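This is what each chain is made of:
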Amino acid sequence: MPKELKVEMSGQGLRVAVVVARFNEFVTKRLLEGAIETLTRHGVKDDDITLAWVPGSFELPVVAKAFGQSGQYDAVICLGAVIRGETDHYEMVANQAAAGISAAGRETGIPTVFGVLTTENMEQAINRAGGKSGNLGSNAASAAIETARLVQAIKTA
Ligand code: INI
């Protein structure tokens, strides 16, 4: 039988940084609410959560990397909302945010999760930020807990 790593979805004792973009704040504050609620429900203490706002999703990676490099956190959650609108700015911001957040996680070794909505319009964004299609912030928080526990389990195996 292969040895399978199984982790508990407990956030107890985990230190989590949350980086959230102010651009489209109407949406991102709802992502933040979902993330905090899920972290708390899984046992992450308020004192163990550090929050930082950045201007837009493009700035998420550099701050996520700084948190990861600090050695103070078990996971970093990045939250943003990139809404297509009418310019090609959308593609650049969305692609750079995704690539940068992914690179921050690989470079620091600290789970750095992607809670950035990329939608065609505001209605779709609201639906995925606590509306009828769930809350991506909440999903990101669950992913952060699971991945942090997995990394811990590998290190102590
Ligand atoms: N930032 C977002 O988070 N979402 C967007 O939809 C967006 N659009 O469409 O422009 C956006 N732009 C700002 C960008 O993230 C940077 O803050 C800015 O370019 C300064 O570097």
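For the structure, see preceding data.
Let me begin by describing the structure that accompanies this report. Within every chain, residues take consecutive numbers counted from 1 along the sequence as written. Under the rules for a predicted model, residues below a pLDDT of 70 receive no local features and side-chain atom pairs below 80 are neither given nor counted, while totals for whole chains, interfaces and linings still include all residues. The basis for every side-chain value is the complete set of non-hydrogen atoms in the structure, without hydrogens or water.

**Focus on the packing of aromatic side chains**
Only rings of Phe, Tyr and Trp enter the pairing, Trp through its six-membered ring, and a pair is recorded when the two centres are within 6.5 Å. The plane angle decides the type: under 30 degrees is stacked, over 60 is edge-to-face, the rest tilted. Within the structure shown, the criterion is met by one aromatic pair. An angle of 85° between the planes, with centres 5.2 Å apart, marks the rings of F67 and Y73 as edge-to-face. Given the relative accessible area of 14%, Y73 is considered buried. By the criterion adopted, a ring carries a charge over it if an Arg CZ or a Lys NZ lies within 6 Å of its centre and within 35 degrees of its normal. Seen from the ring of F26, R30 lies directly overhead, with NZ or CZ sitting 4.2 Å from the centre. Burial here depends on accessible area, computed with a 1.4 Å probe over protein chains only, as a share of the maximum for the residue type. Under 20% is buried, over 50% is exposed, and the range in between is partly exposed.

**Considerations on the site of the ligand**
Neighbouring the ligand are F23, N24, G56, S57, F58, E59, A81, V82, I83, H89 and V93. In protein, a polar contact requires one atom able to donate a hydrogen and another able to accept it; more generally it is a pair of N or O atoms within 3.5 Å, and residues adjacent in sequence count only if both atoms are side-chain atoms. Residue E59 places a side-chain N or O atom 2.4 Å away from an oxygen atom belonging to the ligand. Within the complex, 77% of the 470 Å² of free accessible area of the ligand lies under protein. Under the scheme used here, helices are H or I runs from DSSP no shorter than 4 residues and strands are E runs no shorter than 2 residues, and both carry numbers assigned from the N terminus. Those elements that provide at least two residues to the shell around the ligand are β3 (75-83) and α3 (89-108). Ranked by the residues each element gives to the shell around the ligand, the list is headed by β3, at three residues. Here the nonpolar group is Ala, Val, Leu, Ile, Met, Phe, Trp, Tyr, Cys and Pro; Asp, Glu, Lys and Arg are the charged ones; every other residue, Gly included, is treated as polar. Class assignment of the residues belonging to the shell around the ligand gives a composition of six nonpolar, four polar and one charged. It suffices for a single heavy atom of a residue to lie within 4 Å of a molecule or strand for the residue to be listed as near it. All accessible-area figures derive from a Shrake-Rupley calculation using a 1.4 Å probe, and residue coverage is judged against the displayed protein chains alone.

**Comments concerning the pattern of salt bridges**
Salt bridge criterion: a side-chain nitrogen from Lys or Arg within 4 Å of a carboxyl oxygen from Asp or Glu. In the structure shown here, the tally under the stated rule is five salt bridges. Among the ionic pairs, R41 bridges to E37, the shortest N-O distance being 3.0 Å. Note that R41 and E37 are positioned in helix α1 (residues 25-41) at a spacing of four residues, about one turn of the helix. When the shortest N-O distance is used, the salt bridge between K65 and E107 registers 2.8 Å. Residue K65 is located in helix α2 (residues 60-69), and its partner E107 is located in helix α3; the two are separated by 42 residues in the primary sequence. The class for K65 is partly exposed, based on a relative accessible area of 28%.

**Some remarks on the nonpolar core**
Among the buried residues, those of types Ala, Val, Leu, Ile, Met, Phe, Trp, Tyr and Cys that are joined through side-chain atoms within 4.5 Å form a nonpolar core. Counting residues in each nonpolar core, the largest one holds 25 residues, and the members touching the most others are V16, V18, L39, I77, L79 and L117. Looking at this core, the elements that each hand over two or more residues are β1 (16-21), α1, β3, β4 (112-119) and α5 (136-156). Setting aside anything within four residues of it in sequence, one finds V18 in contact with L32, L39, I49, T50, L51, A52, I77 and L79. Among the nonpolar cores identified, the runner-up in size contains 19 residues, and V19, A52, V82 and A104 belong to it. Throughout, a contact is declared for two residues whenever any of their heavy atoms are within 4.5 Å.

Without other data, these values stay purely geometric and don't point to any function.
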